Amino acid sequence: MQSKLAELGEPRYRLGQIWRWAAQGAGSFAEMTDLPRGLRDALSGVVPFSTLSPRREAHARDGTVKTLFETSDGRLVEAVLMRYRDGRRSLCLSSQSGCPLTCTFCATGRMRFGRNLTSSEILDQALHFRRLGRVDHAVFMGMGEPMINLDAVLGACERLPDLGVTHRRTAISTVGWVPGINRLAESPMPIRLALSLHAADPALRSQLMPVNDRYPLAEVLAACRAFYERKRRKVFIEYVMLAGVNDAHGQAVQLAEILDPRIYKVNLIPYNPTDAPYAGSSAKAIDAFRAELERRGLEATVRLTRGRDIDAACGQLAASS
Ligand code: SAH
């Protein structure tokens, strides 16, 4: 855009003008009515409006929308818009096409890894949903491991406030990629950190998430503590509830023992079905687990499941078709 505008001899402020329109949900140059008509025509069809082409859109009964996009080199990416009854509209963004990690309970890990997405490809997911209406939260909980592609993720984050999503309402979720946690702690943006923990026992965690062999839990928790000390913002712990695997009473006790309640808040995630041979914990087991954590002083909530009927819930993004 910048070079095209220069080529056309346009003043520099045009770029900001165009970005404001896009960030506020414009879907084409034609809508940008404070640009000269000739310029709008000159840009249309010459500067692509998005790096992504939507290929398919699924609507869940609860108002969740999942979109499958294709990049210009044919990679598939999914992103989700969650609409909540309290009016919140949250974006679930992907940082990679597929994922190089192989967490056993996650559908994305079973899809072939494509590549890191660019900042534009990440931002274009958000802009797509911004065209459907206002948005106010974003989580990097879609496809991929955002900490492996942190430059592009942070590049997109810098612009999200223009769409209505402040840094404080943005969260980056990680398997525990220590160098990324350290770098996020250094960023001036007050972005929230979420850690996918899933098992307090190291052997079990390695079995569920092989990345635990590379970055053992003790190192990961030390990095999270340093993040907290630097940012003074609680770290969210994600814990997917697998029947008979990590949901026993003793495992809640063990989890409470390794988590400092001043630093962490636990979010228990009901397991969403994938091809993996797991069953989700019952509502009763989840509640007993939550109660035990709370009894030990840890704040714990159960994640509201969204979009399960269109395979848009946590761990279900796989671009299957
Ligand atoms: N790679 C990052 C970002 C993805 S976030 C991370 O793992 O944190 C996606 C979240 O959904 C993670 O917490 C992941 O552990 C969780 N998840 C994966 N598979 C799931 C499933 N089948 N049911 C529920 N949650 C799942």
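In case you missed it, the structure is sitting above this.
Worth saying up front: this structure is predicted, and the values here are computed from it rather than measured. (Residues numbered from 1 in each chain as written. Predicted model: local features only at pLDDT ≥ 70, side-chain atom pairs only at ≥ 80, totals over all residues. Heavy atoms only, no water.)

Peer 1: What is the right way to read the site of the ligand from this model?
Peer 2: Taken together, the neighbourhood of the ligand is formed by 22 residues, with Phe-105, Ser-173, Ser-196, His-198 and Asn-272 sitting nearest. Between the ligand and His-198 there is a distance of 2.6 Å, counted from an oxygen atom to a side-chain nitrogen or oxygen. Between the ligand and the protein, one listed contact pairs a nitrogen atom with a backbone N or O atom of Asn-272 at 2.9 Å. When isolated, the ligand has an accessible area of 540 Å², and the protein chains bury 95% of it. Of all the secondary-structure elements, those providing two or more residues to the shell around the ligand are strand S6 (170-174), strand S8 (235-241) and strand S9 (264-270). Tallied by class, residues from the shell around the ligand come to eleven nonpolar, nine polar and two charged. (Near = heavy atom within 4 Å. Polar contact = N/O pair within 3.5 Å; in protein donor to acceptor, adjacent residues only side chain to side chain. Areas by Shrake-Rupley, 256 points an atom, 1.4 Å probe, with all protein chains shown as cover. Helix = DSSP H or I, 4+ residues; strand = E, 2+ residues; numbered from the N terminus. Nonpolar A, V, L, I, M, F, W, Y, C, P; charged D, E, K, R; others polar.)

Peer 1: How should the environment of His-198 be read in this particular structure?
Peer 2: Within the fold, His-198 resides in the loop between strand S7 (192-196) and helix H7 (202-208). His-198 gets classed as buried once you look at its relative accessible area, which sits at 4%. Spatially, the C-alpha atoms of His-198 and Gly-25 are 37 Å apart, while their sequence positions differ by 173 residues. Excluding its chain neighbours within four sequence positions, the residues that come into contact with His-198 are Phe-105, Leu-208, Met-209, Glu-238, Tyr-239, Val-240 and Asn-246. Of the polar contacts made by the side chain of His-198, one reaches the backbone nitrogen of Val-240; its length is 2.9 Å. (Buried < 20%, exposed > 50% of the residue type's maximum accessible area, 1.4 Å probe, protein only. Contact = heavy atoms within 4.5 Å.)

Peer 1: Even after reading the chapter, I still don't get unusual backbone geometry, so can you show me in this structure?
Peer 2: For His-198, which is not a glycine, the phi torsion comes out positive at approximately 70 degrees. Even without a glycine there, the phi angle at Asp-311 is positive, about 55 degrees. Position of Asp-311 among the secondary structure elements: in the segment after strand S10 (299-302).

Peer 1: Looking at this structure, I do not really get the pattern of salt bridges. What am I missing?
Peer 2: When charged atoms on two side chains of opposite charge get close, those side chains can pair. All told, the structure shown has 23 salt bridges when counted by the stated rule. As a salt-bridge pair, Arg-75 and Asp-73 come within 3.8 Å of each other at their nearest N and O atoms. Taking the relative accessible area as the measure of exposure, Arg-75 reaches 30% and is therefore partly exposed. Taking relative accessible area as the criterion, Asp-73 reaches 42% and is therefore assigned partly exposed. Salt-bridge contacts for Arg-230 lead to Glu-186; the nearest nitrogen and oxygen are separated by 3.2 Å. Of this pair, Arg-230 sits in helix H9 (residues 217-231) while Glu-186 sits in helix H6 (residues 178-186); the two residues are 44 residues apart in sequence, bridging distant segments of the chain. Residues joined by salt bridges that share partners form a network here, namely Asp-73, Arg-75, Arg-115 and Glu-121. (Salt bridge = Lys/Arg side-chain N within 4 Å of Asp/Glu carboxyl O.)

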